[in-house]
Structures are given as C-alpha cells and as structure tokens.
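# Report on the structure
These are the residues of each chain, in order.
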Amino acid sequence: DSGVTQTPKHLITATGQRVTLRCSPRSGDLSVYWYQQSLDQGLQFLIQYYNGEERAKGNILERFSAQQFPDLHSELNLSSLELGDSALYFCASSVKGAVFADTQYFGPGTRLTVL
Amino acid sequence: GDSVTQMEGPVTLSEEAFLTINCTYTATGYPSLFWYVQYPGEGLQLLLKATKADDKGSNKGFEATYRKETTSFHLEKGSVQVSDSAVYFCALRFGTSYGKLTFGQGTILTVHP
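This section reports on the structure supplied with the text. No experiment lies behind these values; they were computed from the predicted model shown. (Residues numbered from 1 in each chain as written. Chains lettered and ligands numbered in written order. Predicted model: local features only at pLDDT ≥ 70, side-chain atom pairs only at ≥ 80, totals over all residues. Heavy atoms only, no water.)

### Side note on the packing of aromatic side chains
Residues and elements named next belong to chain A. Spelled out, the test is: The criterion for an aromatic pair is that two Phe, Tyr or Trp rings (for Trp, the six-membered ring) have centres within 6.5 Å, with stacked assigned to planes under 30 degrees apart, edge-to-face to planes over 60 apart and tilted to the rest. Only DSSP runs of H or I reaching four residues or more are called helices, and only runs of E reaching two or more are called strands; each is numbered from the N terminus. Residue burial is assigned from relative accessible area. The probe radius is 1.4 Å, only protein chains are included, and a residue is buried under 20% of its type maximum, exposed over 50%, and partly exposed in between.
According to the stated counting rule, one finds 12 aromatic pairs over all chains in the structure shown. Ring geometry for tyrosine 35 and phenylalanine 45: centres 5.6 Å apart, planes at 65°, overall edge-to-face. Separated by 10 residues along the polypeptide, tyrosine 35 in strand S4 (residues 31-38) and phenylalanine 45 in strand S5 (residues 42-50) bring together distant segments of the chain. Relative accessible area serves as the criterion here: at 0%, tyrosine 35 is assigned to the buried category.

### What to know about the interface of chain B and chain A
We apply this condition: It only takes one pair of heavy atoms within 4.5 Å for two residues to be counted as in contact. Note on definitions: salt bridges are taken to be side-chain nitrogens of Lys or Arg within 4 Å of carboxyl oxygens of Asp or Glu. Within 3.5 Å is the distance limit for a polar contact, defined as a pair of N or O atoms, with the added protein rule that one can donate a hydrogen and the other accept it, and that residues adjacent in sequence qualify only through two side-chain atoms. In this count, Pro and Cys sit with the nonpolar residues alongside Ala, Val, Leu, Ile, Met, Phe, Trp and Tyr, while Asp, Glu, Lys and Arg are called charged and the others, Gly among them, polar.
Tallying the contact residues gives 22 residues for chain B and 21 residues for chain A. Between chain B and chain A we count zero salt bridges in total. At the junction of chain B with chain A, the criterion picks out four residue pairs in polar contact (both at pLDDT 80 or more). Counting residues per element, the ones that place at least two in the side of chain B that touches chain A are strand S5 (32-38), strand S6 (44-50) and strand S10 (86-93) of chain B. Class assignment for the residues of the side of chain B that touches chain A results in 11 nonpolar, seven polar and four charged.

### Focus: the environment of glycine 57 of chain B
All names here are of chain B. Along the chain, glycine 57 turns up in strand S7 (residues 56-59). For glycine 57, a relative accessible area of 4% gives the class buried. Taking the C-alpha atoms as reference, glycine 57 lies 9.1 Å from tryptophan 35; in sequence the two are 22 residues apart. For glycine 57, the residues in contact, after removing those within four places along its chain, are Leu48, Lys49, Phe62, Glu63 and Ala64.

### A short note on the side chain of serine 93 of chain A
Residue and element names in this part refer to chain A. Here serine 93 lies in strand S9 (residues 87-94). Classification of serine 93 by relative accessible area gives buried; the value is 0%. Of the polar contacts made by the side chain of serine 93, one reaches the side chain of aspartate 29; its length is 2.7 Å.

### A short note on the sheet that holds strand S3 (residues 19-21) of chain B
Residue and element names in this part refer to chain B. Heads up, the rule is: At least two DSSP bridges between two strands are needed for those strands to be called paired. Each axis is a line fitted through C-alpha atoms, taken for helices only over the stretch in contact, and angles between the N-to-C directions span 0 to 180 degrees.
A sheet is described by the order of its strands in space; here four strands give the open sequence S3-S9-S8-S7, paired in antiparallel fashion. Every interior strand has two partners, whereas the edge strands, S3 and S7, have only one. In this sheet, neighbouring strand axes are inclined to one another by 15° on average, regardless of whether the strands run parallel or antiparallel. Pairing of S7 with strand S8 (residues 62-65) involves four bridges; the strand directions are antiparallel. Residue pairing across strands places asparagine 59 opposite phenylalanine 62, the latter belonging to S8.

### Overview of the state of the cysteines
Definition in use: To count as a disulfide, a pair of cysteine sulfur atoms needs to be within 2.5 Å.
Inspection of every chain in the model, using the stated rule, returns two disulfides over all chains. Across a sulfur-sulfur distance of 1.8 Å, cysteine 23 of chain A and cysteine 91 of chain A are joined as a disulfide pair. Note on the cysteine 23 of chain A and cysteine 91 of chain A pair: the S-S dihedral is about -50°, so by sign convention the disulfide is left-handed. Linking cysteine 23 of chain A in strand S3 (residues 19-24) with cysteine 91 of chain A in strand S9, this pair joins segments that are 68 residues apart in sequence. Cysteine 91 of chain A carries the same exposure label as cysteine 23 of chain A, and that label is buried. A sulfur-sulfur distance of 1.9 Å marks the disulfide that ties cysteine 23 of chain B to cysteine 90 of chain B. Around the S-S axis, the bridge from cysteine 23 of chain B to cysteine 90 of chain B shows a dihedral of about -70° and counts as left-handed.

### Overview of the sheet that holds strand S8 (residues 74-78) of chain A
All names here are of chain A. Taking strand neighbours across the sheet as the criterion, the four strands line up as S1-S3-S8-S7 in an open arrangement whose pairing is antiparallel. Whereas interior strands pair on both sides, the edge strands pair on one side only; in this sheet they are strand S1 (5-7) and strand S7 (64-68). Ignoring strand direction, the axes of neighbouring strands in this sheet form an average angle of 15°. Sheet topology places S7 next to S8; five bridges connect them, and they run antiparallel. Opposite glutamine 67, over in S8, you have glutamate 75 as the bridge partner.

### Observations regarding the nonpolar core
In summary, soluble globular proteins display a tendency toward joint burial of nonpolar side chains. All names here are of chain B. Basically, it comes down to this: Within this scheme, the nonpolar core is defined by two criteria: the residues are buried Ala, Val, Leu, Ile, Met, Phe, Trp, Tyr or Cys, and they are joined through side-chain atoms within 4.5 Å.
One finds Leu19, Trp35, Leu47, Leu48, Phe73, Leu75 and Tyr88 to be the most contacted residues of the largest nonpolar core, which totals 27 residues. Counting only elements with at least two residues in this core, the list comes to strand S2 (11-14), S3, strand S4 (23-26), S5, S6, S8, S10 and strand S12 (107-112). Sort the elements by how many residues they give to this core and S10 lands first, with four residues. With sequence-adjacent residues up to four places away left out, leucine 48 is seen in contact with Leu33, Phe34, Trp35, Gly57, Ser58, Asn59, Phe62, Glu63, Ala64, Phe73 and Leu75.

Spatial relationships are all this shows, so hold off on functional conclusions.
Shown next, in the form of structure tokens:
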C-alpha cells in the first residue's frame, strides 16, 4: 500500500458525460501528479500540482482539468467524454516535486470506461 | 523530445532464469532514471533508481546501472521467481521538468514454475 488513495476504483459512463476522479496523497506529500495509461498511448503524464498550484502540464486535453485543494487532495475532471478517453488514470504524490529524484508514489488507479 | 525505449515483450522465463530487460533513453542532458513495476490490478511501485552516471540502483535482487555512454539503464536479476511476474516500466525525469516522469512502453514479464 503506497498510501495514495484514489476513488472511485471503476467508473463506467457514456460519451458526452463528465466525471470527476479523486486522489488523496500520502500524508505530508505536497505534490500530486496525474497520469493516463491506455493501450495505444502507454503511460502519459497529464499534470502536476504542488501545494495548490499548477506546476507542470503534459499531454492534457482541453476537455480535462484538475485542481488541488487546501487539504492537498486533488480532483481530475474529464468532460465531453469520448470513447478514446477510456483508460486507467493514476494519481501519484511526492514530498516536494521539484527535487531531482523525488520519489513518486502511485495510487491503485481509476479505471474509466466510456461506452 | 525526451523518450524511453524498452525491449519488446512479452518476456517469458522459467523460475530461476536470468532476466534482462533493455532500456535506452534519448534526452538532452542527464536525467534521473527509474524502474517501476506494476503487479496485476495494482498501481506502479518504484523498484529502483539512479541519479547520475555509473550509479547502480538495486532492490529485491534487481539491479540496473546508469550508463551515460550508451544512454542505457538495463534491468537485470540473476534468478527470477514466479512472484516477479508483472509489467516493468523504465522511466526518466529531469529536475527542470519538475515532476514529469517519461515512461517507456512497459515490458510484460511472465515467470513459469
């Protein structure tokens, strides 16, 4: 158990809908990262937050947004869902986030299926 | 851009066999290098890491050496067990890119008794 929790574990929805994925980082970790794992794209970095502020952005679609709240939990919002958004979404956390080899601890993931 | 290339899988071995999973990277500069493992139905776990050239990361019998001259970080284990069956990901990270980890495509390892 990494100490990172994600809810829900599974999510099934229809095209055009909007969903919210939630992540609670390990106690004391200030950085939260979101990754998408799909069969065709592999594991891709989406976005990073550090202590409530956006720090780095990867291949995140405009239909997707994220935020980190004062209690440090984070939410990833996916809207106007398409079939191709079906994937496993991982959250990771680390103590700082701007340190060269800061270890990222991954949650168990949320499996999103868009029908 | 930065990228990581892993050997094609899947890899199937018998218990106690020697394991090598190749990983090479393309990057401008000298990143930190990582191996993560994903067991069925679970998230990724850090297996080992190296932060500079010639560093050797090791954990649970697995080893990998950061080779700057060949831009490689191959994963090895002398004697695999059935419990090592998982997906292995090689990844790199730069300090200037904050937290972004760039992953290889993953290699599926299956170990038979």
